[in-house]
Amino acid sequence: MSLFDKLFGSHRQGDAPESRLPAERLAAVGASDAAHRAAQMLRAPTALMQLAEHEALAVVGFMRPRVFKRGTEIIRQGETADTGFMVLVLEGEITVESLMASRVNAATVKVLGPGSLIGEMALVDGAARSASCTASTEVKCAVLTRESLEALTTEQPATAAKLMTAVAQRLAERLRESSHKLQVYSKLVDTLQEEVDRLMPTPQGKHRS
C-alpha cells in the first residue's frame with residue numbers, strides 16, 4: 001500500500017479535512033506512521049524545513065489527498081482565478097515550466113519529486129501563478145487549500161503563524177537566488193559587451209545608441 005493510501009485511509013478523496021473535529025483529526029494523524037512520514041516530507045529542505053515535527057503533523061491533518069494523471073496541468077502560469085492551494089508531492093514527479101517574454105515555447109525550470117512543495121506563493125498573496133506545473137508521471141499529493149489554512153489559523157493560530165513564517169522564509173530565499181542570478185547575468189552581459197567592443201571598436205566620434 002502506498003504512502004498516499006496509508007496516510008488518508010478511510011478519509012475519502014475530496015472530503016474537507018477542516019470539517020473534521022479537532023480530536024478526530026489529531027487522532028487520525030497521530031496514530032498514522034504514514035502521516036508522520038508525510039510530515040517529514042513537509043519539513044524537507046525542498047519544502048518547509050523550519051517547521052517542528054508536531055507543527056508539520058498538524059498541517060498534514062488539514063491537507064486533503066489528490067491524484068493527478070500524467071500530463072495534467074496542475075498549475076498554469078498567469079492563472080489568477082484558481083490560486084487558493086499549495087501542493088506537497090508524495091509520489092511521482094512534476095515538471096515546472098516558465099514562459100519567458102522572448103520565447104514562444106515554455107522553458108523547463110526544474111523537475112520536482114516527493115517532498116517538494118509547489119503553489120505556496122499564490123496561496124499567500126493570491127497573485128497570478130508565476131510558473132506552470134505539469135504532472136510528468138501520475139502524481140499523488142497532499143493539498144492545503146486556503147479554506148483549510150483559514151481553519152488551521154482559527155484552531156491553531158501559533159502553528160499557522162509558524163507555517164506562514166516558513167513560507168515567507170522560503171520565498172525570501174528564492175528572491176535572493178533570483179537576485180544573485182541577475183547579478184551573474186549582468187556581469188556576463190558586461191563581459192560580452194567588452195569583448196564585442198574590443199573586436200569591433202566604435203569609430204572615434206561615434207557612439208553606440
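That block above? That's the structure.
Everything numeric in this text was worked out from a predicted model, so none of it was measured.

Turning to helix H6 (residues 146–155), its buried residues are Ser-148, Leu-149 and Leu-152. Seen end-on, H6 carries its buried residues on one side only, within an arc spanning 100°.

Turning next to the side chain of Arg-170. Mapped onto the elements, Arg-170 comes out in helix H7 (residues 157–199). Since its relative accessible area comes to 11%, Arg-170 is described here as buried. With near-sequence residues (within four places) excluded, Arg-170 lies in contact with Thr-46, Ala-47, Leu-48, Leu-117 and Glu-120.

With antiparallel pairing, four strands are arranged side by side in an open sheet as E1-E8-E3-E6. Of all the strands in the sheet, just strand E1 (64–68) and strand E6 (117–118) have a single pairing partner and so form its edges. By the bridge criterion, five bridges tie E1 to strand E8 (residues 139–145) in an arrangement that is antiparallel. Residue pairing for E8: Val-67 is matched across the bridge by Lys-140. On the sheet, H6 packs against E1 and E8 and is oriented at approximately 55° with respect to E8.

Time to look at the nonpolar core. Counting 28 residues, the largest nonpolar core has Leu-42, Leu-48, Leu-144 and Leu-163 as its most contacted members. With five residues, the top contributor of residues to this core is helix H3 (residues 33–42). Among the nonpolar cores identified, the runner-up in size contains 16 residues, and Ile-75, Val-89, Ile-94 and Ala-131 belong to it.

The next subject is the environment of Gly-71. In this fold, Gly-71 is placed in the loop between E1 and strand E2 (73–75). In this structure Gly-71 comes out as exposed when scored by relative accessible area, which is 51%. Between the C-alpha atoms of Gly-71 and Ser-136, which are 65 residues apart in sequence, the distance is 5.8 Å. For Gly-71, the residues in contact, after removing those within four places along its chain, are Thr-134 and Ala-135.

Attention shifts here to the pattern of salt bridges. A complete count under the given rule lists three salt bridges for this structure. We note a salt bridge from Lys-162 to Glu-55, for which the minimum N-O separation is 3.1 Å. Of this pair, Lys-162 sits in helix H7 while Glu-55 sits in helix H4 (residues 53–60); the two residues are 107 residues apart in sequence, bridging distant segments of the chain. A salt bridge links Glu-73 to Arg-76; its shortest N-O distance comes to 2.8 Å.

When we look at burial in H3, the residues that qualify are Ala-34, Ala-35, Ala-38, Ala-39, Met-41 and Leu-42. Along H3, the residues classed as buried sweep out an arc of 155° about the axis, all on the same side. Relative to its buried face, H3 has exposed residues pointing more than 90 degrees away, namely Asp-33 and Gln-40. Where H3 starts, the residue carrying a side-chain oxygen 3.3 Å from the main-chain nitrogen of Ala-34 turns out to be Ser-32.

Of the two faces of strand E7 (residues 132–135), the one holding Ser-132 and Thr-134 and the one holding Cys-133 and Ala-135 are both buried throughout. Sheet topology note: the E2/E7 ladder contains two bridges and is antiparallel. For Glu-73, the partnering residue across the bridge sits in E7 and is Thr-134.

Judged by side-chain polarity, Val-196, Leu-199 and Met-200 come together as a nonpolar surface patch covering roughly 320 Å² of accessible area. Position of Met-200 relative to the elements: it lies in the segment after H7. Look at Met-200 and you get exposed, because its relative accessible area is 62%.

Criteria and thresholds
Residues numbered from 1 in each chain as written. Predicted model: local features only at pLDDT ≥ 70, side-chain atom pairs only at ≥ 80, totals over all residues. Heavy atoms only, no water. Buried < 20%, exposed > 50% of the residue type's maximum accessible area, 1.4 Å probe, protein only. Helix = DSSP H or I, 4+ residues; strand = E, 2+ residues; numbered from the N terminus. Arc of directions from axis to C-beta. Contact = heavy atoms within 4.5 Å. Pairing = 2+ DSSP bridges. Axes fitted to C-alpha atoms, helices over the stretch in contact; angles between N-to-C directions. Core = buried A, V, L, I, M, F, W, Y, C linked by side-chain atoms within 4.5 Å. Salt bridge = Lys/Arg side-chain N within 4 Å of Asp/Glu carboxyl O. Polar contact = N/O pair within 3.5 Å; in protein donor to acceptor, adjacent residues only side chain to side chain. Patch = residues over 30% accessible without salt bridge, like charges linked within 9 Å, V, L, I, M, F, W, Y side chains within 5 Å. Areas by Shrake-Rupley, 256 points an atom, 1.4 Å probe, with all protein chains shown as cover.

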